[in-house]
Amino acid sequence: ISTDTTGVVTIVAGTLPSLGAQCAITFNTAYAVAPLCQMTPTSAVTALANVGNFPSASTTVLTVNTGAALTPALTYAWNYSCTEPNS
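Residues numbered from 1 in each chain as written. Predicted model: local features only at pLDDT ≥ 70, side-chain atom pairs only at ≥ 80, totals over all residues. Heavy atoms only, no water.

1. A look at the environment of Ala34
Here is step 1 of the chain: Mapped onto the elements of the fold, Ala34 is located in the loop between β2 (20–26) and β3 (36–41).
Here is step 2 of the chain: Taking C-alpha positions, Ala34 is 6.0 Å from Ala57, a pair spaced 23 residues apart along the chain.
Here is step 3 of the chain: If we ignore the near neighbours within four places in the chain, the residues touching Ala34 are Ala57, Ser58, Thr59 and Pro85. (Helix = DSSP H or I, 4+ residues; strand = E, 2+ residues; numbered from the N terminus. Contact = heavy atoms within 4.5 Å.)

Spelled out as structure tokens, the structure:
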């Protein structure tokens, strides 16, 4: 079960994958300021791919980005965790 603060995102690479934004997760409730988000691989395929994943977040959306193109037809999965920074 995924929430605004923690969860799992799974991506199945398409036939013409590219680097950059792979998917966007819309938060159920907007944060007051953009949260700090971290991602960790949940499978060997994801860990071994070394695609340079990184999250970027606004107050309403978490975007999963990769620094390299994914391999077509492979499934990648990451745990994510977001916390609102102290203001």
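2. Digging into the sheet that holds β3
Here is step 1 of the chain: Taken in spatial order, the three strands make up an open sheet running β1-β6-β3, and their pairing is antiparallel. On the outer flanks of this sheet lie β1 (6–12) and β3, each paired with one strand and no other. The sheet shows a mean angle of 30 degrees between the axes of neighbouring strands, direction not considered.
Here is step 2 of the chain: Note: β3 against strand β6 (residues 75–83), six bridges, orientation antiparallel. Pairing of Met39 across the sheet is with Tyr80, part of β6. (Pairing = 2+ DSSP bridges. Axes fitted to C-alpha atoms, helices over the stretch in contact; angles between N-to-C directions.)

3. Focus on the nonpolar core
Here is step 1 of the chain: Formed by 15 residues in total, the largest nonpolar core has its most connected members in Leu62, Val64, Leu70, Trp78 and Cys82.
Here is step 2 of the chain: Of all the secondary structure elements, the ones that give two or more residues to this core are β1, β3, β5 (61–66) and β6.
Here is step 3 of the chain: With four residues, the single largest contributor to this core is β6.
Here is step 4 of the chain: Setting aside its immediate chain neighbours within four residues, Cys82 contacts Asp4, Thr5, Phe27, Tyr31, Pro35, Leu36, Cys37 and Leu62. (Core = buried A, V, L, I, M, F, W, Y, C linked by side-chain atoms within 4.5 Å. Buried < 20%, exposed > 50% of the residue type's maximum accessible area, 1.4 Å probe, protein only.)

4. Some points on the environment of Val61
Here is step 1 of the chain: Turning to its location among the elements, Val61 is positioned in strand β5.
Here is step 2 of the chain: The exposure class of Val61 is partly exposed, given its relative accessible area of 22%.
Here is step 3 of the chain: Placed 31 residues apart in sequence, Val61 and Ala30 show a C-alpha to C-alpha distance of 8.3 Å.
Here is step 4 of the chain: Discounting chain neighbours no more than four positions away, the residues touching Val61 are Ala24, Ile25, Thr26, Phe27 and Ser56.

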